[in-house]
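Structural overview for review
These are the residues of each chain, in order.
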Amino acid sequence: MGGELRFVQGNEACVEGAMYAGLDFFAGYPITPSTEIAELLASRLPLKGGKFLQMEDEIASICAIIGASLTGNKVMTATSGPGFSLMQEGLGYAIMAEIPCVIVDVQRGGPSTGLPTKVSQGDVNQARWGVHGDHAIVALTASNHQDVFSITVDAFNFSETYRTPVILLFDEVIGHMRERLKIPEPGEIPLVERLKTSVKEGVDYHPYLQREDGRLPMSDFGGVHRYNVTGLFHDMWGFPSEKPSVVHELMRHLVDKIDHHVDKMARYREYFIEDAEMLLISYGSSARSALHMVTDRRQHGERVGLLELQTLWPFPAAVVREKTRNARYVVVVEMNMGQMLQPVKAAVEKPERVFLANRVDGVLITPADILNILRLIQGKGV
Amino acid sequence: MAKLKLRAHVINREWCKGCGICVHFCPRKVLELDEFDKVVAARPQDCVCCKLCELRCSDLAIEVQTEQD
Amino acid sequence: MPARDYIRERFFPHMWCPGCGHGIVLNGLVHAIENIGLKKNDIVMVSGIGCSSRIAGYMDFHTLHTIHGRALAFAIGVKMSRPDLTLLVPMGDGDALSIGGNHFIHACRRNIDMTAIVMNNRVYGMTGGQYSPLSGHGTMATTAPYTNIDQAFDIVSMATAAGATFVARATAYHVQQLPNILEEAIRHKGFSVVEVMTPCPTYFGRKNKEGSAVNMMDNLKTRTTPIGSKAKQENPSLIERGVFVKKELPEYCAEYQRIVEQAMKGK
Ligand SMILES: Cc1ncc(C[n+]2csc(CCOP(=O)(O)OP(=O)(O)O)c2C)c(N)n1
Ligand code: SF4
Ligand code: SF4
Ligand code: SF4
Ligand SMILES: [Mg+2]
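Remember, it's a predicted structure, so these values are computed and weren't measured experimentally.

A separate point is the coordination of the magnesium ion (ligand 5). Residues and elements named next belong to chain C. Those protein atoms acting as donors to the magnesium ion (ligand 5) are Asp-93 (OD), Asn-121 (OD1) and Val-123 (O), and they sit at 2.0 to 2.1 Å. Mapping the donors of the magnesium ion (ligand 5) onto the primary sequence gives the spacing D-x27-N-x1-V. Taken together, the positions of Asp-93 in helix α5 (residues 93-99) and Val-123 in the loop between β4 (114-120) and α7 (155-162) put the pair 30 residues apart, joining distant regions of the chain. Using a relative accessible area of 2% as the deciding quantity, one classes Asp-93 as buried.

Counting 157 residues, the largest nonpolar core has Met-76 of chain A together with Phe-104 of chain C as the members making the most contacts within it. No other element matches the nine residues that helix α3 (residues 58-70) of chain A contributes to this core. Mapping this core onto the domain boundaries places at least three of its residues in each of domain 1 (1-265) and domain 2 (270-377) of chain A. Contacts of Met-76 of chain A, omitting those with residues within four sequence positions, involve Cys-14, Ala-18, Leu-23, Phe-25, Phe-26, Ala-27, Ile-37, Leu-41, Ile-65, Val-102, Val-104 and Phe-156 of chain A. If you look at the next biggest cluster of nonpolar residues, it comprises 64 residues, including Val-30 and Cys-47 of chain B together with Leu-38 and Cys-51 of chain C.

All right, on to the interface of chain C and chain A then. Contact with chain C, which involves 39 residues of that partner, is made by 41 residues of chain A. In total, about 3,300 Å² of surface goes out of reach between chain C and chain A, with carbon and sulfur atoms giving 60% of it. At the boundary of chain C with chain A, the tally comes to two salt bridges. Of the charged contacts, one joins Asp-60 of chain C and Arg-226 of chain A as a salt bridge, the two residues approaching to 3.0 Å between their closest N and O atoms. Summed over the shared surface of chain C and chain A, the result is 17 residue pairs in polar contact (both at pLDDT 80 or more).

Spatial ordering of the open sheet is given by β10(A)-β2(C)-β1(C)-β3(C)-β4(C)-β6(C)-β5(C)-β8(C)-β7(C), a layout of nine strands whose pairing is mixed. The open sheet has two free edges, formed respectively by β10 (228-230) of chain A together with β7 (224-226) of chain C, since each of these has just one partner strand. Sheet twist, expressed as the average angle between the axes of neighbouring strands with direction ignored, equals 20°. Sheet topology note: the strand β1 (residues 43-47) of chain C/strand β2 (residues 62-65) of chain C ladder contains four bridges and is parallel. Its bridge partner being in β2 of chain C, Val-46 of chain C is matched across the sheet by Leu-64 of chain C. In the packing of helix α4 (residues 71-81) of chain C onto the sheet, the strands contacted are β1, β2, β3 (86-92), β4 and β6 (191-197) of chain C, and the crossing angle to β3 of chain C comes to about 175°.

This paragraph deals with the packing of aromatic side chains. Evaluated as defined, the whole model comprises 14 aromatic pairs over all chains. Relative to Tyr-227 of chain A, the ring of Tyr-205 of chain A has its centre 5.5 Å away and its plane inclined at 75°; by these criteria the two rings are edge-to-face. With Tyr-205 of chain A in the loop between β9 (178-182) and β10 and Tyr-227 of chain A in the loop between β9 and β10, this pair connects stretches of sequence that are 22 residues apart. Given a relative accessible area of 7%, Tyr-205 of chain A falls into the buried group. In textbook terms, an aromatic cluster arises when at least three aromatic residues are bridged by ring pairs, as seen for Trp-15 of chain B together with Phe-12, Trp-16 and Tyr-58 of chain C. The ring of Trp-15 of chain B is capped by Arg-4 of chain C, whose NZ or CZ atom sits 4.6 Å from the centre of that ring.

Let us now look at the pattern of salt bridges. Tallied over the full model, the rule gives 45 salt bridges over all chains. In this structure, Glu-179 of chain A engages Arg-288 of chain A in a salt bridge whose closest nitrogen and oxygen atoms are separated by 2.9 Å. Highlighted residues: Glu-179 of chain A in strand β9 and Arg-288 of chain A in helix α11 (residues 284-299), separated in sequence by 109 residues. Classification of Arg-288 of chain A by relative accessible area gives partly exposed; the value is 29%. Linking Arg-4 of chain C and Glu-9 of chain C is a salt bridge whose minimum nitrogen-to-oxygen distance equals 3.5 Å. For Glu-9 of chain C, a relative accessible area of 34% corresponds to the partly exposed category. The network of salt bridges with shared partners includes Glu-4, Arg-6, Glu-12, Glu-16 and Arg-44 of chain A.

Now for the domain arrangement of chain A. Residues and elements named next belong to chain A. When the domains of chain A are assigned, the result is domain 1 (1-265) and domain 2 (270-377). If you average the C-alpha positions of domain 1 and of domain 2, the two centres end up 28 Å apart. Both sides of the domain 1 and domain 2 interface together cover about 2,100 Å² of buried area, and 56% of this is carbon and sulfur. The tally of links from domain 1 across to domain 2 stands at one salt bridge.

It is worth spelling out the environment of Thr-224 of chain C at this point. Residues and elements named next belong to chain C. Note on placement: Thr-224 falls in strand β7. On the basis of relative accessible area, Thr-224 is assigned to the buried category, the value being 6%. Setting aside residues no more than four positions away along its own chain, Thr-224 makes contact with Thr-171, His-174, Met-197, Leu-238, Ile-239 and Arg-241. A polar contact of 2.6 Å, which involves the side chain of Thr-224, links it to the backbone oxygen of Leu-220. Polar side-chain contacts of Thr-224 include one of 3.0 Å to the side chain of Arg-241.

Turning our eyes to something else, we now look at the packing of helix α1 (residues 10-21) of chain A against helix α7 (residues 145-162) of chain A. Residues and elements named next belong to chain A. Following both chains from N to C, one finds α1 and α7 inclined at 40°, their axes separated by 8 Å at the closest point. Classified by the interaxial angle, the pair formed by α1 and α7 is oblique. Where α1 crosses over α7, the handedness of that crossing is right-handed. Contact residues: α1 offers Gly-10, Ala-13, Cys-14, Glu-16, Gly-17, Ala-18, Tyr-20 and Ala-21, while α7 offers His-145, Val-148, Phe-149, Thr-152, Val-153 and Phe-156. Classifying every residue of the contact of α1 with α7 gives nine nonpolar, four polar and one charged.

So, about the confidence of the model for chain B. When pLDDT is averaged along chain B, the result is 95; 96% of the residues meet or exceed 70. In the predicted complex, the global pTM is 0.98; the interface-specific ipTM is 0.97.

Trp-16, Cys-17, Cys-20, His-22, Cys-51, Asn-121, Gly-125, Cys-200, Pro-201, Thr-202 and Tyr-203 of chain C make up every residue found near ligand 4. Looking at the shell around ligand 4 residue by residue, the classes come out as seven nonpolar, four polar and no charged.

A word on the layout of surface pockets. All names here are of chain C. In this structure, the largest pocket occupies an estimated 540 Å³ of space. Taken together, 25 residues make up the lining of the largest pocket; nearest its centre are Asn-120, Arg-122, Leu-134, Met-197 and Ile-239. For the lining of the largest pocket, the secondary-structure elements that each account for two or more residues are β6 and α10 (213-222). A per-element tally of the lining of the largest pocket places α10 first, with three residues. Within the lining of the largest pocket, the residues separate by chemical class into twelve nonpolar, seven polar and six charged.

What follows deals with empty space enclosed by the protein. Residues and elements named next belong to chain B. Summed over all chains, the structure comprises three cavities of 30 Å³ or more. Considering only enclosed or pocket space, the largest cavity measures out at about 110 Å³ in volume. Lining the largest cavity are 15 residues, with Cys-16, Cys-19, Gly-20, Cys-22 and Cys-57 sitting closest to its centre. Of all the secondary structure elements, the ones that give two or more residues to the lining of the largest cavity are α1 (21-25) and α2 (52-56). By residue class, the composition of the lining of the largest cavity is ten nonpolar, two polar and three charged. One number sums up the size of the second largest cavity: a volume of about 80 Å³. Cys-26, Pro-27, Cys-47, Cys-50 and Cys-53 are the residues nearest the centre of the second largest cavity, which is lined by 13 residues in total. Class assignment for the residues of the lining of the second largest cavity results in ten nonpolar, one polar and two charged.

Quick notes on the rules
Starting afresh in each chain, residues are numbered from 1 along the sequence in its written order. Naming scheme: in the order in which they are written, chains are lettered from A and ligands are numbered from 1. This being a predicted model, a pLDDT of at least 70 is required before a residue's local features are given, and a value of 80 or more before pairs of side-chain atoms are given or counted; all residues contribute to the totals for chains, interfaces and linings. The side-chain figures draw on all heavy atoms in the structure; neither hydrogens nor water molecules are used. We call an atom a donor if it is N, O or S and sits within 2.8 Å of the metal, or 3.2 Å for Na, K and Ca. Water is not counted, so some sites may look partial. What counts as a helix is a DSSP run of H or I of at least four residues, what counts as a strand is a run of E of at least two, and both are numbered from the N terminus. Each residue is placed in one exposure class: buried if its accessible area under a 1.4 Å probe, protein chains only, is under 20% of its type's maximum, exposed if it is over 50%, and partly exposed if it falls in between. In this text, buried Ala, Val, Leu, Ile, Met, Phe, Trp, Tyr and Cys residues form a nonpolar core when linked through side-chain atoms within 4.5 Å. An automatic or database domain assignment supplies the start and end points of every domain. Contacts are assigned to residue pairs that have any heavy atoms within 4.5 Å of one another. Buried area adds together the accessible area that both of two parts lose upon being put together, with accessible area traced by a 1.4 Å probe. Definition used for salt bridges: Asp or Glu carboxyl oxygen within 4 Å of a side-chain nitrogen of Lys or Arg. Counted as a polar contact is a pair of N or O atoms within 3.5 Å, where, for protein atoms, one must be capable of donating a hydrogen and the other of accepting one, and residues adjacent in sequence contribute only when both atoms are in side chains. Between any two strands, pairing holds if DSSP finds at least two bridges. Fitted lines through C-alpha atoms serve as axes, helices being fitted only where they are in contact, and the angles separating the N-to-C directions of these axes extend from 0 to 180 degrees. Aromatic pairs are defined between Phe, Tyr and Trp rings, using the six-membered ring for Trp, whenever the two ring centres lie within 6.5 Å; interplanar angles under 30 degrees are classed as stacked, those over 60 as edge-to-face, and all others as tilted. The criterion for a charge sitting over a ring is simple: Lys NZ or Arg CZ within 6 Å of the ring centre, and within 35 degrees of the ring normal. Convention used here: angles under 35 degrees read as roughly parallel, angles over 145 as roughly antiparallel, angles from 65 to 115 as roughly perpendicular, and any remaining angle as oblique. Two helices crossing with the near one rotated counterclockwise from the far one by less than a right angle form a left-handed crossing, whereas a clockwise rotation gives a right-handed crossing. Under the scheme applied, nonpolar residues are Ala, Val, Leu, Ile, Met, Phe, Trp, Tyr, Cys and Pro; charged residues are Asp, Glu, Lys and Arg; polar residues are all the others, including Gly. The score called pLDDT rates the predictor's confidence residue by residue, from a low of 0 to a high of 100. Proximity criterion: a residue is near a molecule or strand once any of its heavy atoms comes within 4 Å of it. Lining residues are defined by having an atom within 4 Å of a point belonging to a cavity or pocket. Those points lie on a 1 Å grid over the protein atoms alone, cavities being sets where a 1.4 Å probe fits but cannot get out and pockets being open sets with protein on both sides within 12 Å along at least five of seven lines. Grid points are joined across faces, edges and corners, and a volume is the space filled by probe spheres set on the points.

Here's what the structure looks like:
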């Protein structure tokens, strides 16, 4: 199938990426605009002996994939805002118990049932902070189907490398829009497989004892090592502990294992950044409009550029600081009330020079919308 | 099956919480709680090795060891 | 002692209160597994949150202590991905039937091969004695200081209506029957539900003036009767125990395997 050219929806590009990454198990509950992912996997997974489950709700879906991950499978679920809300407790569990899994949220307008068929990027902060308690999180996105494919593979790779859930934060436009996708050849994108313990049967295995490089080799449930997995703070055997030193160490580990690898996980694209006076920062479908507008204004000699973020969390602050250094103005383009605006402001040298170009009415922000706001910022009127 | 003969009541005093369930429901009144609220086999000679005490102990604190007659 | 082979001794004495019925369920389970002769590496125990769910940490299997109410959903993921493993899913009454009620009925409906054990003490033990959906009308609880006006579920009827293919009720008092029923449930190919009535002397007992743990065990004796007994006809308020449902229906993992074969054939 490698090398094949396809004309697909973004949701299908995500499915292709997941299959390429080695997805074995999917559980989900239908919700617009993510449903195609479940429908496609219902027919695709059995073809390779994989498992597809339609569960009774999103809570059950995330729990089921965590269970399946423990037996050594690559797992995924897909949903949209309302379902993503329901998944938060399970997501927290996967963080605490360090279970690799991928959660796709194809964003629509919220809160509540909101705008089921309309685009939004309103879940950026929910992805970051929807889970209670201190934690780090990985959330990735993309603006075109080739990137949807490869970022999906990245999501699986990160989840295995860091033993963590990874969120894919797509949106309705990306999910439903059709465009070209070239399926890479097998091996073209490297895959990270589950790191399995080399500890032999009968030798004490510590499921939560880090190797020197910080990684935790796993033993499959049903294998030769019996251990405990819990959402409570736990010791290196996985047994509940309230010992302050154990609690402190685990909390630090859960946060540090992500935060210390921000640079390794930072995925972004840059367009005309070198000499840009006006730098746009955007992601997902908004970044398509931003890119369109930037390309167009460049032809008119305007010094505008675009930094397109694919890794939203952990926030690539160093990249943003570096890339915005020479810009006079920074404009964050997104379809929410300014959820990425805040971390950008916190990262740059001159936060007072950071502006927001947004739309929150369920309509894709257009290049003209962005240009209008740009002119306002430049004091040129509309 | 041959009749079981008592070898010993093995009592784990660390685990026994003195709930008194085994004492009360022993059909032969073999068991008692001592002054520390731990179970003891006060009349082992009366034991019929039914093992109800062992099965009813919430704490796995009592084991009735038997040998075939 | 066979029990010792199946538990993680280093965590004993366990955290449950004196006379708590949850330990008797653990005891019965150990005997059932011993009788079947299951290997520890082939057993996965998945529990939720509650006093009851702490059972998982004490057992020397692959143990997954999850979140409140969701044990069955996790268990389905484990079982679907490794149908050869034996899944045991102990839950509290609140865990299984309040917050986890939806997962419970859907697991029954799917007939996936695992054993759900509802450790029914009719109260939220872990959080300190609030009423559960099993407490029943007229009981007392910290959140029903005047009296509880909620009607209780009947777990057996509910599991039966939802399609479980093995449904039984046992008690912590009837300890010869308990391991036998658990054994039959585990051996059954399909979704098995075993309700075990267990005393929580600390909260249900105290709030409802049921006296000591011994007294509560006595109540289990006098308030229950074997299915279809003469005593039940004379006194309909007696609660029946035994195996209510045992039937064959296509098992979920086996059915999914059929789907895989069908899909592959069409390839
Ligand atoms: C989502 C969520 N809600 C509430 C709780 C608090 N909680 C912990 S255990 C429990 C009830 C336990 O009762 P039951 O399931 O009957 O188990 P028992 O302790 O009686 O064995 C509750 C409400 C929780 N842990 N998670
Ligand atoms: S039942 Fe167990 S815990 Fe209770 S008194 Fe007897 S031995 Fe002790
Ligand atoms: S085995 Fe039976 S008779 Fe003997 S002490 Fe235990 S309960 Fe009593
Ligand atoms: S509170 Fe109740 S259920 Fe919890 S351990 Fe104590 S007796 Fe058992
Ligand atoms: Mg309870």
